[in-house]
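# Per-entry structural report
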Amino acid sequence: MPSPMEKAGILVEALPYIKKFYGKTVVIKYGGHAMVNEELKKAVLTDAVLMKYVGMQPVIVHGGGPEITGMLKRLGIESNFIGGLRVTDAETMEIAQMVLVGKINKDIVGLINDIGGTAVGLSGKDANLLVADKKLHLMRNPDGSEEAVDIGLVGEIREVNPGIVDTLLKEGYIPVVAPVAVGEGGNSYNVNADVAAGALAVALNADKLIILTDVEGILADRKDKNSLLSTVTMQDVPRLIEQGIIDGGMIPKVECCTCALQGGVGTTHIIDGRVPHSLLLEIFTDQGVGTMVTN
Ligand SMILES: NC(=[NH2+])NCCC[C@H](N)C(=O)O
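Quantities reported herein were computed from a predicted structural model and do not represent experimental measurements. (Residues numbered from 1 in each chain as written. Predicted model: local features only at pLDDT ≥ 70, side-chain atom pairs only at ≥ 80, totals over all residues. Heavy atoms only, no water.)

### Quick notes on the UniProt feature "binding site: substrate" (unreviewed entry) in the protein chain
Test applied: UniProt positions are given in the numbering used here, feature names are shortened, and annotations may be inferred rather than shown by experiment. When a residue's accessible area, from a 1.4 Å probe over protein chains only, is under 20% of the maximum for its type it is buried; when over 50% it is exposed; and in between it is partly exposed. Helix numbering and strand numbering both begin at the N terminus, where a helix is a DSSP run of H or I of at least 4 residues and a strand a DSSP run of E of at least 2.
With numbering matched to this structure, UniProt assigns "binding site: substrate" (unreviewed entry) to G64, G65, R86 and N190. Across 127 residues in sequence, these annotated residues keep their C-alpha atoms within 12.0 Å of one another, forming a single compact spot. Residue G65 is classed as partly exposed on the basis of its relative accessible area, which comes to 33%. Considering the arrangement of structural elements, one finds R86 in strand β4 (residues 85–86).

### What about the packing of aromatic side chains?
Selection rule: Each pair of aromatic rings taken from Phe, Tyr and Trp, with Trp reduced to its six-membered ring, is defined by centres within 6.5 Å and is described as stacked if the planes are under 30 degrees apart, edge-to-face if over 60, and tilted in the remaining cases.
Following the criterion strictly, the structure yields one aromatic pair and no others. Between Y17 and F21 the ring centres are 6.0 Å apart and the planes differ by 15°, which places this aromatic pair in the stacked class.

### Some details on the sheet that holds strand β15 (residues 267–272)
Hydrogen bonds along the backbone pair up the strands of a sheet, which may run parallel or antiparallel. Quick reminder of the rule: Strands are labelled as partners when DSSP assigns at least two bridges between them. For helices, the axis comes from a line fit to the C-alpha atoms of the stretch in contact; other axes are also lines fit to C-alpha atoms, and the angle between any two N-to-C directions lies between 0 and 180 degrees. When checking whether two residues touch, look at their non-hydrogen atoms; a contact exists if any pair is within 4.5 Å.
A sheet is described by the order of its strands in space; here eight strands give the open sequence β5-β10-β2-β1-β13-β15-β16-β14, paired in mixed fashion. The open sheet is flanked by β5 (119–123) and β14 (231–233), the only strands paired with a single partner. The mean angle between the axes of side-by-side strands here comes to 20°, regardless of whether they run parallel or antiparallel. Taken together, the three bridges between β15 and strand β16 (residues 291–294) define a ladder with antiparallel strand orientation. Bridge pairing in β16 links I270 to T291. Across the sheet, helix α8 (residues 250–262) touches β1 (25–30), β13 (208–213), β15 and β16, and the angle it forms with β15 is around 155°.

### Focus: the site of the ligand
Quick note on the threshold: Only heavy atoms are used to decide nearness, and a residue is near a molecule or strand if one of them lies within 4 Å of it. In protein, a polar contact means a hydrogen-donor-capable atom and an acceptor-capable atom, both N or O and within 3.5 Å, with residues adjacent in sequence counting only if both atoms are side-chain atoms; elsewhere, any N or O pair within 3.5 Å suffices. Using a 1.4 Å probe, the Shrake-Rupley method yields the accessible areas, and only the shown protein chains count as cover for residues.
In the vicinity of the ligand, 15 residues are found, and the nearest of them are K208, E282, I283, T285 and G290. K208 is positioned such that a nitrogen or oxygen atom in its side chain is 2.8 Å from an oxygen atom of the ligand. The separation between a nitrogen atom of the ligand and a polar main-chain atom of M292 is 3.5 Å. For the ligand, the accessible surface in isolation is 350 Å², of which the surrounding protein chains cover 93%. Listing elements by their share of the shell around the ligand, those giving two or more residues are α9 (278–284) and β16.

### Some words on the UniProt feature "site: Transition state stabilizer" (unreviewed entry) in the protein chain
The positions that UniProt labels "site: Transition state stabilizer" (unreviewed entry) are, in the present scheme, K29 and K253. Annotated residues spanning 225 residues; largest pairwise C-alpha distance 10.5 Å, indicating a single compact cluster. The topology assignment puts K29 in strand β1. Overall, the relative accessible area of 7% leaves K29 in the buried class. If sequence neighbours within four positions are ignored, K29 has contacts with V61, G63, A193, D194, A197, I210, I211, L212 and K253. Within the structure, the side chain of K29 is placed 2.6 Å from the side chain of D194, a separation counted as a polar contact. Mapped onto the secondary structure, K253 falls in helix α8. For K253, a relative accessible area of 18% translates into the label buried. With near-sequence residues (within four places) excluded, K253 lies in contact with K29, D194, I211, T213 and I270.

### Points about the nonpolar core
Heads up, the rule is: Here the nonpolar core consists of buried residues drawn from Ala, Val, Leu, Ile, Met, Phe, Trp, Tyr and Cys, with membership extended through side-chain atoms lying within 4.5 Å.
Counting residues in each nonpolar core, the largest one holds 79 residues, and the members touching the most others are V27, Y30, I60 and I112. Considering each element in turn, this core owes the most residues, nine residues, to helix α4 (residues 90–115).

### Some thoughts on the pattern of salt bridges
Using the following cut-off: Think of a salt bridge as a Lys or Arg side-chain nitrogen and an Asp or Glu carboxyl oxygen that are within 4 Å of each other.
One pass over the structure, following the stated rule, counts 14 salt bridges. E67 is paired through a salt bridge with K103; the nearest N and O atoms lie 3.0 Å apart. Here K103 lies in helix α4 and E67 lies in helix α3 (residues 65–74), a separation of 36 residues in the sequence. Each of K29, D194 and K253 takes part in salt bridges that share partners, so that together they form one network.

### Section: the side chain of N190
Within the secondary structure, N190 sits in strand β12 (residues 188–190). Look at N190 and you get buried, because its relative accessible area is 13%. Those residues within four positions of N190 in sequence are excluded, and the remaining contacts are R86, T88, M93, L153, V154, G155 and P179.

### Concerning the environment of Y53
Positionally, Y53 belongs in helix α2 (residues 38–53). We classify Y53 as exposed; its relative accessible area is 63%. With 171 residues separating them in the primary sequence, Y53 and D224 have C-alpha atoms 37 Å apart.

### Focus: helix α6 (residues 193–203)
Buried within α6 we find A193, D194, A196, A197, G198, L200 and A201. Put simply, N192 is the residue that caps the front of α6, since its side-chain oxygen is 2.8 Å from the backbone nitrogen of D194. Two residues or fewer after α6 comes N205, characterised by a positive phi angle close to 60°.

As structure tokens, this is what we get:
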């Protein structure tokens, strides 16, 4: 147990950040393990409520992968992925929307409200928050040529209309956004939640984008949990990718960060959602717990 002096130190360390981030918008991409484990769920959403009560403006964008797959399975519908993207036919999209908007989104809202915040759930279709075009997926053939394959109702975000989120923030609510976008003819499109969070952060002129993942952050040596790169600049990114330090599923996450930074977001953070209260630790301590990607 920390001594009273140590506890006071921890609280005092938070003060400059409480001051600095007062009134500032922080977009949190909520996904992975932190969405599945009950204790972690409560910890993340408690952190968001605390942020709100100290004057920050958290906005949550959530994922939903495993639950969608689970529901499709229960209904006997097979999931197909091409290049990590779910092939989304009309039936799959219907289920995805039901799970994301009808279930996961409402569960998060319910939990936040139970903890003491006041959350309002939205999809990207509400007030045209996220507008998408059909995504053309380019697949590389063995001979090196590229071919466009149809992956169905997977969208690429074309436009963000953040007005409804601004309105909710102004009125003191915590907006919770499901990554379903509206496309041509009012169709629903499945969009990547990391990308949606990044695009929303830019449109809101957010101060921070924080992505909760299932890894420590960017590790200099993947086998060594103690090799976390605490801060990385945007300029370092191409070299880190070339060296294989940033690879696999981390590449699109870091690209979301650089996109957000280029779009004017203050700082971006990739943190470990498996660590209880990693959100608070990242925001309110000097060291943070994950990797901060900056300009
Ligand atoms: N991974 C890091 N180096 N984090 C530093 C975070 C610093 C400060 N708490 C902030 O949120 O801006």
